[in-house]
Structures are given as C-alpha cells and as structure tokens.
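Structural description and commentary
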Amino acid sequence: MALARLLHRRDFRLLFAGQALSMFGDSAMLLVLAIWVKSLTGSSGKAGLTLVFVAAPSLIGPLGGWLVDRVRRRSFLVVTNLCSAASVVPLLFVRSSAHIWIIYGVATVYGTLLVLHMAALNALLKTMLPDSSLGEANAVLQTVKEALRLIAPLTGAALYAVIGGSGVALLDALTFVGAAVALGALRVREEPVPTRDSIRAELAAGLRFLWRARPLLHVTVALALALLVIGIAESVVFAIVDWLGRPPEFVGVVVAVQGIGAVLGGFAATWLIRVAGEVRTVIVGLGTFSAGTLTMIVSWLPAVVGGVVLAGFGLPLVLVGFVTSLQRSTSGALIGRVTTAAYLVIGVPQTVSVALGALLVAVIDYRILLAVMAAGTLLAVLYLVVTTRGVRSAGESGPVPGPMSASGAMGWALPPAPAPAEDALPAELGADVGDGRVRQR
C-alpha cells in the first residue's frame, strides 16, 4: 500500500506524524472559530465571514513564496507551527460579541501562517521524495486530513459546547507544538538559494512560470472558477443546519459526514492519478462535487446527507490532482513562489466567494445558492475539458513554450521517466533563482 511504502522512510514518518497533529488542530479550530461567532452573534453571515479572514492572506502569497524559496524549509515549518500555537492565545480573552474582532484577528494570522505552511510543505516534499512518490504522498496526507474531519470537528464542537472556545484554543496550540517537535527531528538538510536579482523580479518569477506552464495554468484557472462559487458553502452550511433545526455546533456533524466521502475520495485519488493523470483527476473531482451540491438542493434529509458525502468525495480528488500537478511541473528552487502564485490565483476568487456567501445567505434561499455552486463548478469542468483536451497530466504538454524552454530540459515527463534535475531551470528564470540547489543528504 502507498502508506506502507512511504512510512518506510524515516523522514516521511516524522512529517506524517507532525502533519497529522497540525491537521487535527486545524480541523477543530477553523470550524470552532465560525461556530463561536455564530453563537455570539446569531448570524450565519458573520460566521461565514470568519473564513474570509482565513482566506484573505493568500493575496500576499507571492511574498511568502519568495521567503520560502530563500530559507531551509524544515526550519521554516518548525517556526510556522510554533507561531500558529502562539497565534491562538488571544482567543482566551474572548467573552462576548464585543470581542469577535479578536476571533477575526486570529483567523487572519492563522490564514497567513497556513499559506506559508502550504508553500513550505510542498517544497519540502519535493526535496524529500522522488517525483514518482509525490502523488501517493499528497493522497496519503489528504486522506489523513479528511479522516481527521470525522473526529476533529466533532471533538472541537463538543469541547466548545462543554468548556468553550478557550479549551479548543489550548488543544490547538498543543497540536502545533507537537508538530514542531516532529518536524524538528527530520534529518533532511537543505541549502537555501542565494538571492541574485531584485526583489521585484524574484517575486514575479512564480507568476511568470505559472503563466507559461500548461496545463498547470489551466488546472489553476479551473480551480479558481470553482472556488468563485464553492466558498459560498462556508455560510450555506449554517443555513442548512438552521433548516435542520439544530444548534450551530451541529455543523461539526455535517463536516464529519462530508469527511466520510472525503476519506473515500482520498483513497481513490492515488489510483485515479496513476491511471488517468492529474488533469483528469481534477475534472472528475469537480464534476463529483457539482453533482453532490445539486443533490443537496432537495429538501429531504437523506438527499442532503448523500449530497454532502458526494461533495466530500470530490474535494480530495481536486486538491490532490492540483497539488501533484504543481509539484511535478515545478523545479525545487521555484516551488515556493509557484505555489504561492497559484494560491494567489485561487485565493482571490475564494475570498470573494466566502464574502459574498456571508452577505447573500441572509437574503437568498440557501437552495438557490447551492444551485449557483453546482452551475459554477460545472462551468469549471467544461473549461478544463476544453483547454486540456487529450491531456492527462502536467507532463504531456512538453516544455514551457517560448523563451522559458531555452535551457531545453524542464523534465516535464511523468514517472517512470527520470526525475528532473533540481538545477534544470529555464534560462529566463536563471537570474531570478540563482544557481543554488536544494537537495537531501
């Protein structure tokens, strides 16, 4: 099995343990922040707005990507986890609706650290593992994340109901400290890439690469189109809970039900990437999510539950396909900036979507919003089918066209072809990234 093969690697075992701890904390805390606001204010819109503050920091992602490509990723991840632990401490002072600004502030810092963490994690995995194992590693981590959604949200909601948000904040802080300890024990050694050009050119390198990298660009744009409507779900879920006549804490149950489908989707992602490639995996995931959202429109509890499970099944396929495509398409020296550039492209529509959902859920029937989500996601599927017709993975479109292919060897072919050399960078980007290498010793 994929997990057994990966766990033979000592460093991946430690990374896996650290990620499991931090993902448990994330799953519990992010939901509780929204539940907390809902309980204090009674507003589904204000609860959904919490996720706007989490998503907004992706707008400054390129700056974070530039930083990630200039430091040792292992040490950077240790620091971000410790900072995440410290960031939730102000929640201990939340007492009433007058203090929701503290929750929004914590959500903003939390979101900033998440962006940095994702970029550094992608880069570290690229360093630790051969390209042939990246899809399996992403699928394993995503499956664990979704499996934790079966228990972490319920745990967080239960703790919130019994001892309040402060107890969840303390639990979250402990998980991040544990993750930092596990990551600090990694043996992988890295050399940061020296800066050789202006900061403006360095920051733009990720966006320039993404613009010319097909089909990665098309996958990113399709995901951006989908997130332009998917973010509405952050507020719609509270409206669904209201329709069920349940308290805000019941959102944890809905998320856990979604997690059942997501675990199955995570297991399917490895197989689907292997037989169909990343692009088609993303297409299947988006289509499945659209079908699940459409099913939830039916005002019948079994249909709602089935739709939630189906939508949950589709999300890991999209995320694993996207991240694997990004990792396999990008050299290690650029991956931090390319990751944050991609998250900038998808983060803007996601932020807009979450904000619109928070506003619209109070004035529009949630079933209409679900129909908009289904239609928008289907549009993203059609875009990706048309723009990547006949392409199954990032390796089938050849090198990036134009000046960026001047060096002649980007290593776009998927395994079992040899993995690309870390220094096989496009000539045009050579001045941006320098000649340093990141490698495992």
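Residues numbered from 1 in each chain as written. Predicted model: local features only at pLDDT ≥ 70, side-chain atom pairs only at ≥ 80, totals over all residues. Heavy atoms only, no water.

1. Observations concerning the overall build of the protein
Defined as follows: Counting from the N terminus, the helices are the DSSP runs of H or I reaching at least four residues and the strands are the DSSP runs of E reaching at least two. Burial classes: relative accessible area under 20% of the type maximum marks a residue as buried, over 50% as exposed, and values in between as partly exposed (1.4 Å probe, protein chains only). A contact between two residues is defined here by any heavy atoms of the two lying within 4.5 Å. Per-residue and other accessible areas were derived by the Shrake-Rupley procedure at a 1.4 Å probe size, with only the shown protein chains allowed to occlude residues.
Of the regular secondary structure elements, the protein holds 17 helices and zero strands. A burial count over the protein gives 57% of its 441 residues as buried. Taking as baseline every contact in the protein between residues at least 6 positions apart, the subset at least 24 positions apart corresponds to 85%. Element-wise, carbon and sulfur atoms account for 69% of the exposed surface of the protein, whose accessible area totals about 16,600 Å².

2. Here we look at the packing of helix α6 (residues 100-128) against helix α14 (residues 301-329)
Which entries qualify depends on this criterion: Angles run from 0 to 180 degrees between N-to-C directions of axes, and those axes are lines fitted to C-alpha atoms, restricted for helices to the stretch in contact. Our angle categories are set so that under 35 degrees counts as roughly parallel, over 145 as roughly antiparallel, 65 to 115 as roughly perpendicular, and the remainder as oblique. Left-handed is the label given to a crossing in which the near helix is rotated counterclockwise from the far helix by less than a right angle, and right-handed is the label when the rotation is clockwise. Note that Gly is not counted as nonpolar here; it falls among the polar residues with everything else outside the nonpolar set of Ala, Val, Leu, Ile, Met, Phe, Trp, Tyr, Cys and Pro and the charged set of Asp, Glu, Lys and Arg.
Between α6 and α14, the shortest axis-to-axis distance is 10 Å and the interhelical angle comes to 60°. Here α6 is positioned oblique relative to α14, judged by the angle of their axes. Considering the relative orientation of α6 and α14, their crossing is right-handed. Seen from α6, the contacting residues are N122, L125 and K126; seen from α14, they are V323, L326, Q327 and R328. Tallied by class, the residues present in the contact of α6 with α14 amount to three nonpolar, two polar and two charged.

3. Some points on the packing of aromatic side chains
Condition: Think of it this way: a Phe, Tyr or Trp ring, Trp meaning its six-membered ring, pairs with another when their centres are within 6.5 Å, and the plane angle makes it stacked under 30 degrees, edge-to-face over 60, tilted otherwise.
Summed over all chains, the structure comprises four aromatic pairs. Considering the side-chain rings of F53 and Y104, the 4.6 Å spacing of their centres and the 20° angle between planes classify their relative orientation as stacked. With F53 in helix α3 (residues 44-55) and Y104 in helix α6, this pair connects stretches of sequence that are 51 residues apart. With a relative accessible area of 11%, Y104 lands in the buried category. The interplanar angle of 85° and the centroid separation of 6.0 Å between the aromatic rings of F322 and Y343 together place this pair among those described as edge-to-face.

4. Here's the deal with the pattern of salt bridges
Filter applied, for reference: One speaks of a salt bridge when a side-chain nitrogen belonging to Lys or Arg is within 4 Å of a carboxyl oxygen belonging to Asp or Glu.
Tallied over the entire structure, the rule returns seven salt bridges. A salt bridge links K126 to D131; its shortest N-O distance comes to 3.4 Å. Accessibility expressed as a relative area gives 5% for K126, which makes it buried. Note on D131: relative accessible area 7%, which makes it buried.

5. Describing the side chain of D69
Test applied: Two N or O atoms form a polar contact when they lie within 3.5 Å of each other; inside protein one atom must be a possible hydrogen donor and the other a possible acceptor, and for residues adjacent in sequence the pair counts only when both atoms belong to side chains.
Mapped onto the elements of the fold, D69 is located in the loop between α4 (61-68) and α5 (73-87). Within the structure, the side chain of D69 is placed 2.9 Å from the backbone nitrogen of G336, a separation counted as a polar contact. Here R337 takes part through its side chain, which lies 2.8 Å from a polar atom of the side chain of D69.

6. Observations regarding a nonpolar patch on the surface
How we decide: Patch members must show over 30% relative accessible area and no salt bridge, and they are joined within 9 Å when carrying like charges or within 5 Å when they are nonpolar side chains of Val, Leu, Ile, Met, Phe, Trp or Tyr.
There is a patch of nonpolar side chains on the surface, built from L59, I60, L228, V348, V352, L356 and L359 and spanning about 600 Å² of accessible area. Per element, the largest residue contribution to the nonpolar patch is four residues, and it comes from helix α15 (residues 335-360). Tracing the chain through its elements places L356 in helix α15.

7. Overview of the packing of helix α11 (residues 216-230) against α15
Each packed pair of helices is defined by two parameters, the angle between the axes and the distance between the axes. Their axes nearest at 6 Å, the elements α11 and α15 cross at an angle of 25°. One way to sum up the angle between α11 and α15 is to call them roughly parallel. Considering how the two elements wind past one another, α11 and α15 form a crossing that is right-handed. Judged by residue contacts, L216, T220, L223, A224, L227, L228, V229 and I230 of α11 engage V338, A342, V345, I346, P349, Q350, V352 and S353 from α15. A breakdown of the residues in the contact of α11 with α15 according to their chemical character gives 13 nonpolar, three polar and no charged.

8. Some points on unusual backbone geometry
Excluding glycine, residues mostly have negative phi values, and the peptide bonds linking residues are mostly trans. In this structure, the amide linkage connecting R214 to the following residue, P215, adopts the cis form with an omega of 5°. If you trace the backbone, P215 turns up in the loop between α10 (199-212) and α11.

9. Some points on the nonpolar core
Let me state the cut-off plainly: Buried Ala, Val, Leu, Ile, Met, Phe, Trp, Tyr and Cys residues that are joined via side-chain atoms within 4.5 Å together make up what is termed a nonpolar core. Where each domain begins and ends follows an automated or database-derived domain assignment.
Core analysis: the largest hydrophobic core is formed by 115 residues, its most contacted members being F12, L15, M29, L91, L125, L129 and F322. Built from parts of two domains, this core gets at least three residues from each of domain 1 (1-193) and domain 2 (196-389). L15 has contacts with L121, L124, L125, M128, L183 and L186, leaving out every residue within four places of it along the chain. Counting seven residues, the second-largest nonpolar core is a separate cluster that includes A269, L272, I273 and L317.

10. Focus: α6
For clarity, the threshold we go by: A helix's residues, less one, multiplied by 1.5 Å, set its expected span.
With 29 residues, α6 should reach 42 Å at 1.5 Å per residue; the first-to-last C-alpha distance of 41 Å fits that figure. Within α6, 22 of the 29 residues are buried, which leaves it mostly tucked inside the rest of the structure.

11. Some remarks on the environment of Y383
By the secondary structure assignment, Y383 is in helix α16 (residues 366-387). Sequence-wise, Y383 and V221 are 162 residues apart; in three dimensions their C-alpha atoms are separated by 8.8 Å.

12. Remarks on the environment of L301
Along the chain, the position of L301 falls in helix α14. Classification of L301 by relative accessible area gives partly exposed; the value is 45%. Not counting residues up to four positions away in its chain, the partners in contact with L301 are W243 and L244.

13. Things to note about the confidence of the model for the protein
Applicable threshold: Scored from 0 to 100, pLDDT records how confident the predictor is in each individual residue.
Residue-level pLDDT values for the protein average 80, and 85% of them are 70 or greater. Highest mean pLDDT in the protein belongs to α16 (96); lowest belongs to helix α17 (residues 430-433) (34). Scored below 50 in pLDDT, residues 397-441 makes 103 contacts in the model with residues more than four places away or belonging to other chains.

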